[in-house]
Amino acid sequence: MAKRSIIPFGPQHPVLPEPIHLDLVLEDETVVEAVPSIGFIHRGLEKLVEKKDFKQYVYIAERVCGICSCGHGMGYCEAVEHVMNIQVPPRAEYLRTIWIEMSRIHSHLLWLGLLADALGFESLFMESWRLREKILSMMDATTGGRIIFSVNCVGGVLKDITPEMLREISQTMDDMERELKPIMETFLHDYTVQSRLCGLGVLTRDQAILYGAVGPMLRASGVEYDVRMTGYGAYGDLEVAPITAADGDSYARCEVRLKELIQSFRLIREAIGKIPEGPIAVPVKGSPSGEYFMRIEQPRGEAIYYVKGNGTKNLDRFRLRTPTTSNIPPMLETVKGCQLADVPLLVLTIDPCISCTER
Amino acid sequence: MENRKFLTFARTSIKNLFRKPATVGYPYQPADYPERMRGHVEIKTDNCILCGLCMRSCPPGAIRIDRADATWTINRFDCVQCGSCVNACPKECLTLLPGYTQPASSKTEDVYQCPKRPTPAPPKRPA
Ligand code: SF4
Ligand code: SF4
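All of these numbers come straight from a predicted model, not from anything done at the bench.

Calculation rules
Residues numbered from 1 in each chain as written. Chains lettered and ligands numbered in written order. Predicted model: local features only at pLDDT ≥ 70, side-chain atom pairs only at ≥ 80, totals over all residues. Heavy atoms only, no water. Contact = heavy atoms within 4.5 Å. Buried area = accessible area lost by both parts, 1.4 Å probe. Salt bridge = Lys/Arg side-chain N within 4 Å of Asp/Glu carboxyl O. Polar contact = N/O pair within 3.5 Å; in protein donor to acceptor, adjacent residues only side chain to side chain. Helix = DSSP H or I, 4+ residues; strand = E, 2+ residues; numbered from the N terminus. Nonpolar A, V, L, I, M, F, W, Y, C, P; charged D, E, K, R; others polar. Near = heavy atom within 4 Å. Buried < 20%, exposed > 50% of the residue type's maximum accessible area, 1.4 Å probe, protein only. Pairing = 2+ DSSP bridges. Core = buried A, V, L, I, M, F, W, Y, C linked by side-chain atoms within 4.5 Å.

Peer 1: Pulling in residues and values, what's your account of the interface of chain A and chain B?
Peer 2: Facing 35 residues of chain A, the contacting portion of chain B comprises 28 residues. Interface area for chain A against chain B, summed over the two sides, is near 2,500 Å², with a carbon-plus-sulfur share of 50%. At the junction of chain A and chain B, the tally comes to zero salt bridges. Linking chain A with chain B are eleven residue pairs in polar contact (both at pLDDT 80 or more). Looking at the side of chain A that touches chain B, the elements that each hand over two or more residues are helix H4 (122-143), helix H5 (163-189) and helix H6 (191-197) of chain A. Examining the composition of the side of chain A that touches chain B, we find that eight residues originate from one element, H4 of chain A, more than from any other. Residues that form the side of chain A that touches chain B fall into these classes: 13 nonpolar, twelve polar and ten charged.

Okay, structure coming up:
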């Protein structure tokens, strides 16, 4: 047996996008095992729910993450609304859906940029982020914030999107879809990109299920599962078929995310076509009493929101299980047997968000 | 993997040489803020009744109210531009306007003087 050595990797490392620490057990250059540790950026946001009014907490919930902010706000609100038996107006559900799809586009483009950066393909990285800027401007114009929307409230949404803005969004989706074509071509067919991604970090279908992968990571291993199929928000009225790939390697994960971008463009256009008129929020009286589990599909995968109310304005408990938490075990499986130089790329392919994980 | 191509990005790269920059030359060119942007909180002091609802609704506790001096104080470095105070104000004196506030090397507070209102006279005791 070759001599084994252990290399500490992270939490601060030039190639790591997020502060996760891995102890890599190596045999020569090959990784035999990876032992993770997290907890470097715990902020105690779940505990704050006991101190703040449940309506005020929406603003804290959406600050758990800087990328899937809208989804966290929405997940929390939907959970509280279920506890309180509040029927959210259909227009509000559609608006939430449009916004969360916009943040999915922004998140996936961000990831593609980071992937290109990890491959050392700087111009592709810049090109992806140039496209992302368009969706950020659209979010800024409709909600007032480029990343943190602050539009969700218990009982509906705070802002409406005017018909002119809806037309503009629809137009932007068309433009972006056209501009994505050359980027997609490079990611999927370029020799350099393929030689870095194909066959790297294979996670088989059985492994994906066994280790509890979620989101694009799960779908890239060929499992047809997407929480949007459960029909929360306005997804019940829209056509959501999970996008899958068979290979389960890094290339498949990239392919799934690219195709999800196209799907999101379509979903937004479809939602804009179907959006009903009407109020955007209902008044909320009283305080929540009871508990509820809410699951939603964030850009990175399935997130779970648990709330427990005791009839006062402060909730007893709020628990958030983010997609990265469940994607870390499958990621550790994929790094086994790979080269040391590929570890940063494999960590990246789960689209990690460690600050979400630690809340 | 099937369908391998070379130089797939060359066209985009060459096109980009002749495109105008995608970014704005801030600060030499002014930044273009959309109308709805949540940049900073403004108060119309004339209408403020110092009820304190904004102070209680602010998640980070950036607002302070002093009834005795009739002042409304905001720590702009604590404010996260969430808009909770704007929705809570019964007199609609708060708004979120586009444009960020200036950076500084230490946290300071902005104090606004609100109109002093006579405290209502205590009810007369029945004779
Ligand atoms: S700004 Fe509005 S909410 Fe705040 S004290 Fe004045 S009137 Fe009350
Ligand atoms: S915008 Fe939010 S953080 Fe800022 S003062 Fe108002 S309530 Fe507080």
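Peer 1: Which residues make up the site of ligand 1, and what values do they have?
Peer 2: Looking at ligand 1, the residues that line it are Cys48, Ile49, Leu50, Cys51, Gly52, Cys54, Ile65, Trp72, Cys89, Pro90, Cys93 and Leu94 of chain B. Grouping the constituent residues of the shell around ligand 1 by class yields eleven nonpolar, one polar and no charged.

Peer 1: Let's hear about unusual backbone geometry: which residues, and what values?
Peer 2: Residue Pro27 of chain B is bonded to the preceding Tyr26 of chain B through a cis peptide linkage, with omega at 5 degrees. Tracing the chain through its elements places Pro27 of chain B in the loop between helix H1 (10-18) and strand E1 (40-43). The residue Ser150 of chain A is not glycine, and still its phi comes out positive at about 50 degrees. If you trace the backbone, Ser150 of chain A turns up in the loop between H4 and strand E4 (152-153).

Peer 1: Quick rundown of the pairing of strand E3 (residues 71-74) of chain B? Include the residues and the values.
Peer 2: Residues and elements named next belong to chain B. Side chains of E3 alternate between two faces, with Thr71 and Thr73 and Trp72 and Ile74 buried alike. Where strand E2 (residues 63-66) lies against E3, four bridges are found, and the strand directions are antiparallel. Across the sheet, Asp66 pairs through a bridge with Thr71, a residue of E3. The turn linking E2 back onto E3 is made up of four residues, and Ala70 within it adopts a positive phi angle of 60 degrees. Where E3 meets strand E5 (residues 110-113), four bridges bridge the pair, whose relative direction is antiparallel. When the bridges of E5 are listed, Thr71 appears paired with Gln113.

Peer 1: Give me the site of ligand 2: which residues, what numbers.
Peer 2: By nearness alone, 13 residues border ligand 2, and Cys58, Cys79, Val80, Cys82 and Cys85 of chain B come closest of all. In terms of residue class, the shell around ligand 2 is made up of ten nonpolar, three polar and no charged.

Peer 1: Any details on the nonpolar core? Residues and values, ideally.
Peer 2: Tyr76, Trp99, Met102, Ile105, Leu115 and Phe187 of chain A are the most contacted members of the largest nonpolar core, which totals 117 residues. Looking at this core element by element, the count peaks at 15 residues for helix H3 (residues 90-119) of chain A. Discounting chain neighbours no more than four positions away, the residues touching Ile105 of chain A are Ile135, Met173, Met176, Leu261, Ser264, Phe265 and Ile268 of chain A. Of all hydrophobic cores here, the second largest spans 20 residues; its members include Cys48, Cys58, Cys79 and Cys89 of chain B.

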